[in-house]
Amino acid sequence: MVVKSYIKKKFQYKKITKEFVRHNKMVFEKFKRNSNNKILLEINNMRDSHIIYSYLSNVLAKKFDAQVEGFYPRYFSSIVNLIIFKIKKILNFDYLKVYQSFNVDNFVYPKRNISHAEIIKIKKDILKKIKEKEDIYNISLSNINIGDLIYDAYLRKYNLPTININEKKFHKFLEDIISLFFYWENYFKINNIKATIISHTTYEFGIILRISVKLNIPTYSAAPGFIYSHDKDNLTTFEMRNYSKEFKLFSYEEQKIKYKASSKILNQKFSGEKTIENKVSLLPPNKLFGEFKNIKRVVENNDKTKCLIAAHHFSDAPNAWGRLLFSDFYDWIDYLGKLSEKVNYDWYIKFHPMDQKENLNTAKYFLKKYKKFRLVNPMVSHEQLISEGINLVLTVYGTIGMEYAYYNIPVINASINNPHISYDFNYHPKNIHEYEQAIINYKNLKINYSKQDISEYFYMRYLNAFYMYPDELTNNEIILTQSPKAYLRWLKLFTPEVHKKLTIKIEKFINSKKFKFIDEEKI
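Residues numbered from 1 in each chain as written. Predicted model: local features only at pLDDT ≥ 70, side-chain atom pairs only at ≥ 80, totals over all residues. Heavy atoms only, no water.

Caption draft 1: Looking closely at empty space enclosed by the protein. Taken as a whole and judged by the stated rule, the model has two cavities of 30 Å³ or more. Of the pockets and cavities examined, the largest cavity occupies roughly 40 Å³. Contributing to the lining of the largest cavity are Asp 148, Leu 149, Asp 152, Thr 201, Thr 202, Arg 210, Thr 236, Asn 319 and Ala 320. Among the elements that line the lining of the largest cavity, the one with the most residues is helix α6 (residues 147-158), at three residues. In terms of residue class, the lining of the largest cavity is built from two nonpolar, four polar and three charged. If you add up the space inside the second largest cavity, you get close to 30 Å³. Lining the second largest cavity are Ala 311, Phe 314, Ile 333, Ile 349, Phe 351, Ala 363 and Phe 366. Among the residues forming the lining of the second largest cavity, the class breakdown is seven nonpolar, no polar and no charged. (1 Å grid on protein atoms, 1.4 Å probe; cavity = no way out; pocket = protein on both sides within 12 Å on 5 of 7 lines; lining within 4 Å. Points joined across faces, edges and corners; volume = space filled by probe spheres on them. Helix = DSSP H or I, 4+ residues; strand = E, 2+ residues; numbered from the N terminus. Nonpolar A, V, L, I, M, F, W, Y, C, P; charged D, E, K, R; others polar.)

What follows is the structure in structure tokens.
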């Protein structure tokens, strides 16, 4: 039965993909382009992103009279994966066929083009300067800092909570990064790259971005819910720093309309309904707010401060938006564990429901090391925790910062690169000493739980944006998918008018040279 179901699904996906390929060949006309000019477009199997890639790459190809070249950003994890890729390339099938259907002319992948002896020499020079893991952040090649990319990529590749700088595995990984960097640096030197499109600004993907930006090449990151244009001041997708100032640029009448739209969706969220936030921030499908059935009490019924640590996935790009107060999420939790031994609070740790399984071993390590820590079932709702008396929340940069502020509960962030930094409904310490004092003296913090500011933030984060699908803000049952179902959804919604509007909007965004693509029409 399972095999039959699998075969049926594969057949359906093949049929959908074939229809999507035929659609692209009709929509994106072939035109003669200068073969010396290239638009670099990342290739991946994230089907929901292929649609926006098709529009962005074709608009750029016309603007720069260039061919589009697909690139795989990092080394293949095994010889088998490389062989599979080469077979797909030769036979033109799977997602490569989709890329070709919207005018991607060629596919490239990184090769080792620097001698091993040279790599070893560079690695040794780097390791001489690394006395502790914090020093990793200072690593630069060709005057381009990539330390944070190395840190995050290593954690992600091996699903580790932190880095041991003496491990041979880390040293070997460093060799691979050095080789990868110089391959892409050389590739940009010998090719006339007119624009670069990537999926992520983190991990190894960020290497291509930073080389491209240094050379003043138009560089974009894109997905179904965003397009960003990067420069030396915007190397990540962190766009929240100036929310408050940017909102004030709207007229008074515009602000009233936007407050109203945002407040309506916030009310839906805190009533337990799904909203656009569930898709953008990957919130769990179960209700975290609204009515709940209190089966068993979680929070102790006593007079102590009840502190909730909203833990993050240890290996999930801690530096995606910039540096934290700590080296990584592991050091953050370890620091709080030491603090728990000095401060007489009740300490609760709760993971995102999708994160606990992968992080359970590390969580158990900390529970054993710090006896005051208690692990909360990730499916317990925040509504229950609030009703039972949680009165302090600690996060690095989680969405929980807005959620508990809505209930007038103090939230202290462990990074100034957090989405709420433009507002004072959270507290944002600038260093570890200030962070510790804030936790100990949280009752004295000056925090403004302004519902208007929270509504303003929610608008700027989730509504002042771009969504590829016309029904994205109204159909909250659909979660973004990386399967061919994304193609089917687009085909059902597609009209010549939708195609024309999206093309014009992307053209205007590219010519505007703004950092973030915003689609006012959806709001």
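Caption draft 2: Structural context of the nonpolar core. Trp 332, Trp 347, Leu 394, Tyr 435 and Ile 439 are the most contacted members of the largest nonpolar core, which has 61 residues in total. Among all residues touching Tyr 435, those that are not within four sequence positions of it are Leu 325, Phe 326, Trp 332, Tyr 335, Leu 336, Leu 394, Ile 412, Asn 413, Ala 414 and Pro 429. By size, the runner-up hydrophobic cluster in this structure holds 50 residues, among which are Val 21, Tyr 95, Val 104 and Ala 195. (Core = buried A, V, L, I, M, F, W, Y, C linked by side-chain atoms within 4.5 Å. Buried < 20%, exposed > 50% of the residue type's maximum accessible area, 1.4 Å probe, protein only. Contact = heavy atoms within 4.5 Å.)

Caption draft 3: Representation of the sheet that holds strand β11 (residues 373-375). The parallel open sheet is built from five strands, whose spatial order is β11-β10-β9-β12-β13. In this open sheet, the two strands that pair with only one neighbour each are β11 and β13 (411-413). Shown here is a sheet whose adjacent strand axes are inclined to one another by a mean of 25 degrees, direction ignored. Across three bridges, strand β12 (residues 392-395) lies against β13 in parallel orientation. In the sheet register, Thr 395 faces β13, and the bridge partner there is Asn 413. Packing of helix α12 (residues 329-340) onto the sheet brings it into contact with β9 (306-311), β10 (346-351), β11 and β12, and relative to β9 it is tilted by some 165 degrees. (Pairing = 2+ DSSP bridges. Axes fitted to C-alpha atoms, helices over the stretch in contact; angles between N-to-C directions.)

Caption draft 4: Looking closely at unusual backbone geometry. The residue Asn 143 is not glycine, and still its phi comes out positive at about 60 degrees. Note that Asn 143 resides in the loop between β4 (140-141) and β5 (144-145). A positive phi angle is found at Tyr 203, which is not glycine, with a value near 50 degrees. Its location among the elements puts Tyr 203 in the loop between β6 (192-198) and α8 (205-214). Judged by relative accessible area, which is 9%, Tyr 203 ranks as buried.

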